[in-house]
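So you can see what is in the structure, the chains are spelled out below.
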Amino acid sequence: MTSTQAETDRSHLGTLSVLAWIGDPSEGHDIPYLLAYTLGDGPLGAEAGEKAARGLLEEIGLPIGDVVIDGTRNPAGFPVQIVLADNQVALTLPGLNATCTAPDEWVAAAIESGQAYFLFATRAWPEAVPGRPVDPKTLQEFAADESVLTGSAHCVLAVRRLQ
């Protein structure tokens, strides 16, 4: 059996993690954000994982950089999906799934707006291990880093809910 380059690259991603957060609603910043990233723990290391992340994004048609794609126009046909069940957020990409628990404020904002701002970072973030809290300063340092922002795919996604 042969495998495509994309399948090989996905195996190099390592652990795919997802983190949900919201800005400060008291400052009028109540956008729900969802960040996907790898831990850099793939079989060939962080550099191969970052290359695999870029390859995946290219394969599914998400540009990396400062372009924000509107995935709300045709949510059923968009390659990235978010489904919300209570406080559980499920992220689905072709061949990949990841989940996280979102804070109540994130859930309320996502339900109210029906959408979330999604970033897929190509830079590995090994410090943000699933199951361990990420303090706001650490999150801000990573998510606001210019190299992370310019090395990420950005899109606005519809948030579907399980009833």
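Look up: the structure comes first, before these words.
Below: a short report on this structure. Quick caveat: nothing in here was measured; it's all calculated off a predicted structure.

Cut-offs used in this document
Residues numbered from 1 in each chain as written. Predicted model: local features only at pLDDT ≥ 70, side-chain atom pairs only at ≥ 80, totals over all residues. Heavy atoms only, no water. 1 Å grid on protein atoms, 1.4 Å probe; cavity = no way out; pocket = protein on both sides within 12 Å on 5 of 7 lines; lining within 4 Å. Points joined across faces, edges and corners; volume = space filled by probe spheres on them. Helix = DSSP H or I, 4+ residues; strand = E, 2+ residues; numbered from the N terminus. Buried < 20%, exposed > 50% of the residue type's maximum accessible area, 1.4 Å probe, protein only. Arc of directions from axis to C-beta. Contact = heavy atoms within 4.5 Å. Polar contact = N/O pair within 3.5 Å; in protein donor to acceptor, adjacent residues only side chain to side chain.

## Considerations on empty space enclosed by the protein
Then, in step 1: For the structure shown, the criterion picks out 1 cavity of 30 Å³ or more.
Then, in step 2: Roughly 50 Å³ of volume is contained in the largest cavity.
Then, in step 3: As for the largest cavity, its lining consists of Gly-71, Pro-75, Phe-78, Val-80, Gln-81, Ile-82, Leu-157, Ala-158 and Arg-160.
Then, in step 4: Breaking the lining of the largest cavity down by element, the ones donating at least two residues are strand 4 (81-85) and strand 8 (152-161).
Then, in step 5: Ranked by the residues each element gives to the lining of the largest cavity, the list is headed by strand 8, at 3 residues.

## Quick look at helix 4 (residues 136-143)
Then, in step 1: By the burial criterion, the buried members of helix 4 are Leu-139, Phe-142 and Ala-143. Mapping the buried residues of helix 4 onto a view down its axis gives an arc of 85°, with all of them on the same face. Across from the buried face of helix 4, at angles greater than 90 degrees, the exposed residues are Lys-137 and Gln-140.
Then, in step 2: Summarising the contacts, the buried residues of helix 4 are in contact with strand 1 (16-22), strand 2 (32-38), strand 7 (115-121) and helix 5 (146-150).
Then, in step 3: Regarding helix 4, its N-cap is Asp-135, as a side-chain oxygen of that residue lies 3.1 Å from the backbone nitrogen of Lys-137 further along.

## Concerning the side chain of His-12
Then, in step 1: Looking at where His-12 falls in the secondary structure, it is placed in helix 1 (residues 5-12).
Then, in step 2: A relative accessible area of 16% means that His-12 is categorised as buried.
Then, in step 3: Here His-12 is in contact with Gly-42, Pro-43, Leu-44, Ala-48, Gly-49 and Ala-52, once residues within four sequence places are set aside.

Honestly, it's all geometry; don't read function into it.
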